[in-house]
Amino acid sequence: MQLLDGKLLSENIKAELAAEVDQLIKDGKKVPHLVAVLVGDNPASEVYVSNKIRSCEQIGFRSTLIRRNADVAQGDLLKIVHDLNNDPEVDGFIVQLPLPKHINEEKITLAIDPKKDVDGFHPVNFGRMAQGLPAFLPATPYGILEILRRHNIETAGKHCVVVGRSNIVGTPISILLSRKGYPGDCTVTLTHSRTQDLPAEVRRADIVVAAIGIPNFIKGDWVKEGAVVIDVGINRIADSSKKSGFKLVGDVDFDAVAPKCSFITPVPGGVGAMTVTALLMNTMKATQKEIYS
Ligand code: GUN
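Residue numbers restart at each chain and count upward from 1, following the sequence in its written direction. Local features in this predicted model are restricted to residues of pLDDT 70 or higher, and side-chain atom pairs are both shown and tallied only at a pLDDT of 80 or more, whereas totals for entire chains, interfaces and linings draw on every residue. Each side-chain value is worked out from all heavy atoms of the structure, with water and hydrogens disregarded.

1. Notes on the overall build of the chain
What counts, and what does not: The helix count covers DSSP runs of H or I at least four residues long, the strand count covers runs of E at least two residues long, and both are numbered beginning at the N terminus. As defined in this context, the radius of gyration uses C-alpha atoms, and a globule is described by 2.2 Å times the residue total to the power 0.38. Burial status follows relative accessibility: with a 1.4 Å probe on protein chains alone, a residue under 20% of its type maximum counts as buried, one over 50% as exposed, and anything between as partly exposed. Here, two residues are considered to be in contact whenever any of their heavy atoms come within 4.5 Å of each other. Residue burial considers only the protein chains on display, and all accessible areas are found by Shrake-Rupley using a 1.4 Å probe. In summary, the charge assignment counts Lys and Arg as positive and Asp and Glu as negative, without counting His or the chain termini. Taken as the charge location is NZ of Lys, CZ of Arg, CG of Asp or CD of Glu.
Scanning the chain for helices and strands turns up ten helices and eleven strands. Since a compact globule built from 293 residues should have a radius of gyration of about 19 Å, the 19 Å found for the chain is in line with a globular shape. Overall, the chain is about 55 × 40 × 35 Å in size when its C-alpha atoms are taken along their principal axes. Going through the 293 residues of the chain one by one, you find that 49% of them count as buried. For the chain, restricting intrachain contacts to residue pairs at least 6 apart in sequence, the fraction spanning at least 24 positions comes to 70%. On the chain, roughly 13,800 Å² of surface is accessible, and the fraction owed to carbon and sulfur atoms is 51%. Taking the average location of the 34 positive side-chain charges in the chain and that of its 34 negative ones, the two points are 1 Å from each other.

2. Considering the site of the ligand
What counts, and what does not: Proximity is defined per residue: if any heavy atom of the residue lies within 4 Å of a molecule or strand, that residue is considered near it. Any pair of nitrogen or oxygen atoms within 3.5 Å is treated as a polar contact; in protein, a donor-acceptor pairing is required on top of that, and neighbouring residues in sequence qualify only through side-chain atoms on both sides. Ten residues, namely Ala, Val, Leu, Ile, Met, Phe, Trp, Tyr, Cys and Pro, are considered nonpolar, four, namely Asp, Glu, Lys and Arg, are considered charged, and the remaining ones, Gly among them, are considered polar.
Contacts to the ligand come from K52, V95, Q96, L97, D119 and F121. Here Q96 contributes a side-chain N or O atom positioned 3.1 Å from a nitrogen atom of the ligand. In the model, a nitrogen atom of the ligand is placed 2.6 Å from a nitrogen or oxygen of the D119 side chain. When the free accessible area of the ligand is taken as 280 Å², the share hidden by the protein chains comes to 76%. Here the shell around the ligand is built from residues that sort into three nonpolar, one polar and two charged.

3. Some remarks on the sheet that holds strand β4 (residues 92-95)
Rules: At least two DSSP bridges between two strands are needed for those strands to be called paired. Axes here mean lines fitted to C-alpha atoms, for a helix over just the part in contact, with angles spanning 0 to 180 degrees between N-to-C directions.
Judged by pairing direction, the sheet is parallel, and its three strands sit side by side in the order β3-β2-β4 without closing on themselves. The open sheet has two edge strands with one neighbour each: β3 (62-68) and β4. Direction aside, the axes of adjacent strands within the sheet are offset by 15° on average. In the sheet, strand β2 (residues 33-39) pairs with β4 via four bridges, with the strands oriented parallel. Counted as the bridge partner of A36 is I94 from β4. In the packing of helix α3 (residues 74-86) onto the sheet, contacts are made with β2, β3 and β4, and the angle to β2 comes to roughly 180°.

Given below as structure tokens:
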């Protein structure tokens, strides 16, 4: 069994991006500029956004944080989005979700120019992805593809079982792994809460992607010998031995599943460690006009 170390991979990719930034500076070009819009004081969002800003600083990207109180009017937020769409100094931006209840998240997402949508949440990017056209990919699926690619894990003809059908992980990764080319060409089964006999489906998998959000959900006897297991879950469970009172576990019962795998991502330090890096890769692509000319 080999651990797929997302933290190490993430550090390596960040070093590559930092070298690209150095080259841009040498060539007299502008460095990538990411803007994050943060509304309210959701503690998890605070942590995510500060990680994004810190990672930008680490690799020499320019970053800007725009903060608004939780009672910001939807119209004011739309105005911020329109201004960012039209600001030539901004390569890409994100509006951190969730937004307060009085704001329609769909309306905000639709207002973002797909050319600057480095989260890959706009339906234009989703549609382009589904058709195999160049697109900004959402961070978690993009991170998973990079983990597979950079470990040369074979995917062609493999049976991949995705557990969970969310718009930002399960559904897009099922499309991406079934696309032509590497890493793809899988035969994909997308499973969810209404799937009959889920253990039997997972047992057929050469590659399992667990993205259901339930701690330790995938059991040892559900996984075929030699399978590749990608655990997307980040779940807090009580642990009195920790100072914080909790520990993070994935959607996979790691201790029971890991001995059966050829490769497995740990939690923490697996897929989660790659998500901010995927956002940085998208921002570099936005700057270089790799997706849209
Ligand atoms: N909230 C949780 N994850 C994300 C993300 O990747 N992007 C945005 N914009 N909000 C989030």
